[in-house]
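Architecture and fold: a report
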Amino acid sequence: MVDSQAMMHIITIVQVIRISKVQETSEVLLSARGIRRGIRTMFALALFIVPYGMAFGVAAIDSGMSATHAVAMSVFVFSGAAQFASLELWSSASVVSLLLVVLAVSARFILLGASLSPWVNRLKRPQRLAALTMLSDPNFADSINAFQNRERDIGRLLGGGLVLWAAWIIGTTIGAVIGQSFGDLHRFGIDVLMPSYFVALLLAGWLSEWEGGQTWLPAITAALIAIFGLHVLPPGWNIVGAAVAGGVVGGLVHGR
Amino acid sequence: MDASLYGFFIIVLMGLVVYATRIAGSELMSLFELTPRLEAILKAMASSVLVAIVVSECARGDLRVSAAVGVASVTMLAFKNPLIAMSGGLVTAASFSFMS
């Protein structure tokens, strides 16, 4: 009798935990407040994106692109990797190879989108497709840490992207119009901006939730594949290969 | 390729290709049920992308890039603030440039 009562208690507790878990994960939303939070979080980083955009504006003009096209590209494409890569092929005649290169260096976005899917896919489809227009590396890195720490507002991703986008466009415009007078921007360390920021966010994630082999085995795998692939794969594909390999290792280690 | 209107056309095509990659992962995952193992795969993949970007930047660049990333890591551990860490990396890289 006592045993069955205790059993009932346990079942009730388990049910309560399950219900609260479902509620916790289903509360995903896309709100103006979340968008503002994203803008605030990414604002300081966006200031650093302005010179990065300037570097693109300068490089675009150097490759023979008009200032209008350079700015239009930052508006419509909004991807440093894709835009810099396209410059090398801009004055060639092959549109197909240009688009293939753009696809190759952007393929990692497919993986970023998949990684965000546990949260983003709880939104209605039109909201989800709108929120993902502003997906880029920095706001992905910020949002994935935030979502793993109970942020439930996809506005964080969208708002962060919007302020980065604005900074990217402003930077491109300055660079394309008056950039030649600044000289080589890389001497200010613009090129180490993103790797420095990503390593910091990686450490932040690991400090808040270290899961032993589940954490370091995929990371080591990804690092090795990235270095190896750098020399044998076309540009950008080493990142994709490393991420997929890291994911597979994460899946294999899971539950052991 | 820069003949004005044609150039815009190419830019819009590029934008569509990149947007397709932005939504493809989420669209693809909507076909699968999210199991704990799949969640573990996605989580590992999320940090692996960032690890891969950082490591290939270091491998492709010179000592200056690796030093900047190293300083950013130490600064992050000390101050627990990504922006301070990034500034640490930036200052390191800039000092390298101005010293050489």
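The structure this text deals with has already been given above.
Below: a short report on this structure. Model, not experiment: these values are computed from the prediction. (Residues numbered from 1 in each chain as written. Chains lettered and ligands numbered in written order. Predicted model: local features only at pLDDT ≥ 70, side-chain atom pairs only at ≥ 80, totals over all residues.)

To continue, consider the overall build of chain B. Of regular secondary structure, chain B possesses four helices and zero strands. In chain B, the succession of α and β elements from N to C terminus is α-α-α-α. Here chain B has a C-alpha radius of gyration of 20 Å; the compact-globule value for 100 residues is 13 Å, and the former is much larger. In terms of principal-axis extent, the alpha carbons of chain B reach across some 50 × 45 × 25 Å. Counting only residues that meet the buried cut, chain B has 49% of its 100 residues in that class. (Helix = DSSP H or I, 4+ residues; strand = E, 2+ residues; numbered from the N terminus. Rg over C-alpha atoms; globule rule 2.2 N^0.38 Å. Buried ≥ 20, exposed ≤ 12 C-beta atoms within 10 Å, placed from the backbone.)

Across its full length, chain A holds 11 helices and zero strands. Overall, chain A shows an N-to-C arrangement of helices and strands of α-α-α-α-α-α-α-α-α-α-α. Counting only residues that meet the buried cut, chain A has 49% of its 256 residues in that class. For chain A, long-range pairs separated by at least 24 residues make up 79% of all intrachain contacts whose partners lie at least 6 apart in sequence. (Contact = placed C-beta atoms within 7 Å.)

What follows covers the packing of helix H7 (residues 137-148) of chain A against helix H8 (residues 155-178) of chain A. Residues and elements named next belong to chain A. At their nearest, the axes of H7 and H8 sit 9 Å apart, and the two run at 155° to each other. One way to sum up the angle between H7 and H8 is to call them roughly antiparallel. Crossing geometry of H7 relative to H8 is assigned as right-handed. Of the residues in H8, those touching H7 at Pro138, Asn139, Asp142, Ser143 and Ala146 are Arg156, Leu157, Gly160, Gly161 and Leu164. (Axes fitted to C-alpha atoms, helices over the stretch in contact; angles between N-to-C directions. Parallel < 35°, antiparallel > 145°, perpendicular 65-115°, else oblique. Left-handed = near helix turned anticlockwise from the far one by under 90°.)

Turning next to the interface of chain B and chain A. If you look at the interface, chain B gives 62 residues, while chain A gives 79 residues. Counting only elements with at least two residues in the side of chain B that touches chain A, the list comes to helix H1 (4-29), helix H2 (36-60), helix H3 (63-79) and helix H4 (82-99) of chain B. Looking at the side of chain B that touches chain A, the element that brings in the most residues is H2 of chain B, giving 23 residues. Split into classes, the residues belonging to the side of chain B that touches chain A amount to 43 nonpolar, 12 polar and seven charged. (Nonpolar A, V, L, I, M, F, W, Y, C, P; charged D, E, K, R; others polar.)

Along the chain, valine 74 of chain B falls in helix H3. For valine 74 of chain B, a count of 12 C-beta atoms within 10 Å puts it in the exposed group.

Even without a glycine there, the phi angle at arginine 150 of chain A is positive, about 75°. With respect to the secondary-structure elements, arginine 150 of chain A resides in the loop between H7 and H8. Its identity as a non-glycine residue notwithstanding, lysine 80 of chain B has a phi of 55°, on the positive side. Along the chain, the position of lysine 80 of chain B falls in the loop between H3 and H4.

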